[in-house]
Amino acid sequence: MTKPNFSAMSDKELRAYVLANKGDRDAFHIYCDRIYAKPGVKVTSMEQFEQLVRQKEGINRFQVD
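The rules we used
- Residues numbered from 1 in each chain as written.
- Predicted model: local features only at pLDDT ≥ 70, side-chain atom pairs only at ≥ 80, totals over all residues.
- Heavy atoms only, no water.
- Helix = DSSP H or I, 4+ residues; strand = E, 2+ residues; numbered from the N terminus.
- Expected span 1.5 Å × (residues − 1).
- Buried < 20%, exposed > 50% of the residue type's maximum accessible area, 1.4 Å probe, protein only.
- Arc of directions from axis to C-beta.
- Polar contact = N/O pair within 3.5 Å; in protein donor to acceptor, adjacent residues only side chain to side chain.

Trainee: Sorry, what's going on with helix 2 (residues 25-37) here?
Mentor: For an α-helix the count is 3.6 residues per turn, leaving residues at separations of three or four pointing the same way. Between its first and last C-alpha atoms helix 2 spans 18 Å; for 13 residues at 1.5 Å apiece the expected length is 18 Å, and the two agree. Turning to helix 2, its buried residues are Ala27, Phe28, Tyr31, Cys32, Arg34 and Ile35. Buried residues of helix 2, viewed axially, fall in a sector of 160 degrees; they line one side. For helix 2, the exposed residues set more than 90 degrees away from the buried face come down to Arg25, Asp33, Tyr36 and Ala37. A distance of 3.2 Å separates the backbone nitrogen of Asp26 from a side-chain oxygen at the start of helix 2, and that oxygen is part of Asp24.

The following block contains the structure:
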């Protein structure tokens, strides 16, 4: 099976892919690298990643576009 082009995906698209394909460690590490490059966030496990996503999704529910 061919891997998607992760570098062409937005952060949002890559996050959705990682959540849907939890066994894809390459995608997980690429997404972690992207998050780690942003100030203030350090992801060290899949559990922490999932917690951060749940927090982010909870925050987004209250935002108005």
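Now, onward.
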